[in-house]
Amino acid sequence: MDDKSNKLFFIPVLAVLFVMIGYQYICPAGSTSCRFRTGQSSIGLGFLLSKYSPRFDIDIEAQDTDEDGSITFQSKFNFTLEDLERHVDFDIKGNDVIVFLHIQKTGGTTFGRHLVRNIKLERPCDCKAGQKKCTCHRPGKAESWLFSRFSTGWSCGLHADWTELTNCVPAIMNKKQRKDAPLSQRNLYYITLLRDPVSRYLSEWKHVQRGATWKTAIHMCDGRPPTPAELPACYNGADWTGVSLAEFMACPSNLASNRQTRMLADLSLVGCYNLSSMSTARRAELLLGSAKRNLRRMAFFGLTEFQRKTQLLFECTFGLRFMEPFTQLNSTRAGAVGVGLAVRRYIEHLNALDVQLYEYARELFVWRVQRCRRRLRERRREQRRARREQRVSRARQCEKGEL
């Protein structure tokens, strides 16, 4: 009797061990293939693991399992339907203009080349060998539909920010228009790219270490550039070649810190570069709020860590198609920089606003890609339905001898 009881006892124990071993084999630690679902969330474990890591390219389509394409992930931000829906009736033959706000070290150079060389257009951009700029004219007009580094150059200043562009672009576009033509009311569609703040900061440090300066940047705000007292130089001499990471982080006026937030915010709200106009806390609050608002209202933004999703979202937003797929480069100079946890935490501290902005942008990006995929599925369903109805109609006509 005791032997039989022992056998009965060991059966469930062995079954549990078998399940545990099998789970570890199928879903090893760190795997993003096993997704847990609750009544509140259909975003998988991979999403949680990849919150700030560029190593994971979230398969957003795999998350979207609801029949109607909706997701039940509870957003920590109060996005409205208007925030999530981004589809632009871009009229390339009319007066619409795409304005690219190019933030340093976010992959903007690669994306900018995609805009002038990779979009399938009735009248492709004319890019001549040996020339940095391409001519991107509308069909039938000697007028540009794209305002970017590779089409119009740095017309509003080197790496012009939101404050500079919104005050400069309309006047520049009107200046380029024929003198005998009436001033046009243009739709200006602003776009940009964002990147993980720590990776972007390290990438900028390495770029500056190699000799980059961006000295010719104007930083125009409220009709004037900042004074030397408002924006002191971080180094003496022609450049900052060879700067160590410690020196780079130690300069309080280094524009690399929170660069993405500052370049997307309306600097007029905080007295431009005059840091004495208000408290540090109030300035940070206004900058972050303005950057989030402007990013949310932009026609499009992409994330450097998610090239394929960025391509999909741009095509879905503007109705334009790229001829070649975007490539995800997982090997970068910033990725090759080994920093300890303490240094990483300090970089996050220096870029606290960018960290919050990126968290906000990433969630909004996920939602927008989700809704884009839903529209694409609905369009495919409509096309399949139309083809079925056409086949049925033709079959009936054949039966009646009408064909």
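Attention in this report is confined to the structure presented alongside it.

What counts and how
Residues numbered from 1 in each chain as written. Predicted model: local features only at pLDDT ≥ 70, side-chain atom pairs only at ≥ 80, totals over all residues. Heavy atoms only, no water. Helix = DSSP H or I, 4+ residues; strand = E, 2+ residues; numbered from the N terminus. Buried < 20%, exposed > 50% of the residue type's maximum accessible area, 1.4 Å probe, protein only. Contact = heavy atoms within 4.5 Å. Areas by Shrake-Rupley, 256 points an atom, 1.4 Å probe, with all protein chains shown as cover. 1 Å grid on protein atoms, 1.4 Å probe; cavity = no way out; pocket = protein on both sides within 12 Å on 5 of 7 lines; lining within 4 Å. Points joined across faces, edges and corners; volume = space filled by probe spheres on them. Nonpolar A, V, L, I, M, F, W, Y, C, P; charged D, E, K, R; others polar. Core = buried A, V, L, I, M, F, W, Y, C linked by side-chain atoms within 4.5 Å. Pairing = 2+ DSSP bridges. Axes fitted to C-alpha atoms, helices over the stretch in contact; angles between N-to-C directions. Expected span 1.5 Å × (residues − 1).

### A look at the overall build of the protein
For the protein, the count of helices and strands is 13 helices and four strands. Classification of the 403 residues of the protein by burial places 47% in the buried group. Across the protein, the fraction of contacts at a sequence separation of at least 24, relative to all contacts at a separation of at least 6, is 72%. Carbon and sulfur atoms make up 54% of the accessible area of the protein, which amounts to about 22,200 Å² in all.

### Quick look at empty space enclosed by the protein
For the coordinates displayed, the defined rule picks out three cavities of 30 Å³ or more. Taken as a whole, the largest cavity spans an internal volume of roughly 110 Å³. Around the largest cavity, the lining comprises 14 residues; the ones closest to its centre are Phe100, Phe147, Trp154, Ala160 and Leu165. In the lining of the largest cavity, the residues fall into seven nonpolar, six polar and one charged. Of the volumes computed, that of the second largest cavity is approximately 60 Å³. In terms of lining residues, the second largest cavity is bounded by Gln104, Leu158, His159, Asp161, Glu164, Ala217, His219, Leu255, Arg259, Arg262, Met263 and Tyr273.

### Digging into the layout of surface pockets
Empty space within the second largest pocket amounts to approximately 770 Å³. Pro252, Ser257, Asn258, Leu275 and Arg283 are, among the 28 residues lining the second largest pocket, the residues nearest its centre. Within the residue set of the lining of the second largest pocket, elements represented by two or more residues are α8 (245-250), α9 (259-264), α10 (280-297), α12 (341-350) and α13 (352-399). Among the elements that take part in the lining of the second largest pocket, α10 stands out by supplying four residues, more than any other.

### Topic: the nonpolar core
Within the largest apolar cluster, 76 residues are counted, with the highest numbers of intra-cluster contacts made by Trp145, Phe314 and Phe318. Residue contributions to this core peak at 11 residues, all from α13. When near neighbours in sequence (up to four residues on either side) are disregarded, phenylalanine 318 contacts Val88, Phe90, Ile98, Tyr189, Ile191, Ala299 and Phe300. Ranked by size, the runner-up nonpolar core spans 19 residues in total, among them Leu202, Tyr235, Val337 and Leu350.

### Structural notes on the sheet that holds strand β2 (residues 146-147)
Within the open sheet, the four strands sit side by side as β2-β1-β3-β4. Their pairing is parallel. In this open sheet, the two edge strands, each paired with only one partner strand, are β2 and β4 (300-303). The sheet contact formed by strand β1 (residues 97-101) and strand β3 (residues 188-194) spans five bridges and is parallel. Counterpart to phenylalanine 100 in the pairing with β3 is isoleucine 191. Where helix α11 (residues 307-318) meets the sheet, it contacts β1, β3 and β4, and its direction lies at approximately 170° from that of β4.

### Considering the pairing of β1
Along any regular strand, the residues point their side chains to alternate faces of the sheet. Taking burial as the measure, the five residues of β1 include five buried ones, the bulk of the element. A two-sided burial pattern is seen for β1, the buried positions comprising Val97, Val99 and Leu101 on one face and Ile98 and Phe100 on the other. Pairing geometry for β1 and β2, over two bridges, is parallel. In the sheet register, valine 99 faces β2, and the bridge partner there is phenylalanine 147.

### With respect to the side chain of asparagine 254
Along the chain, asparagine 254 turns up in the loop between α8 and α9. Judged by relative accessible area, asparagine 254 falls into the buried class, the value being 9%. Here asparagine 254 is in contact with Tyr201, Cys234, Trp240 and Phe248, once residues within four sequence places are set aside.

### Remarks on α11
With 12 residues, α11 should reach 16 Å at 1.5 Å per residue; the first-to-last C-alpha distance of 17 Å fits that figure. With 11 of 12 residues buried, α11 lies mostly within the body of the structure. For α11, the full list of buried residues reads Gln307, Lys309, Thr310, Gln311, Leu312, Leu313, Phe314, Glu315, Cys316, Thr317 and Phe318. At the exit of α11 stands glycine 319, carrying a positive phi of roughly 70°.

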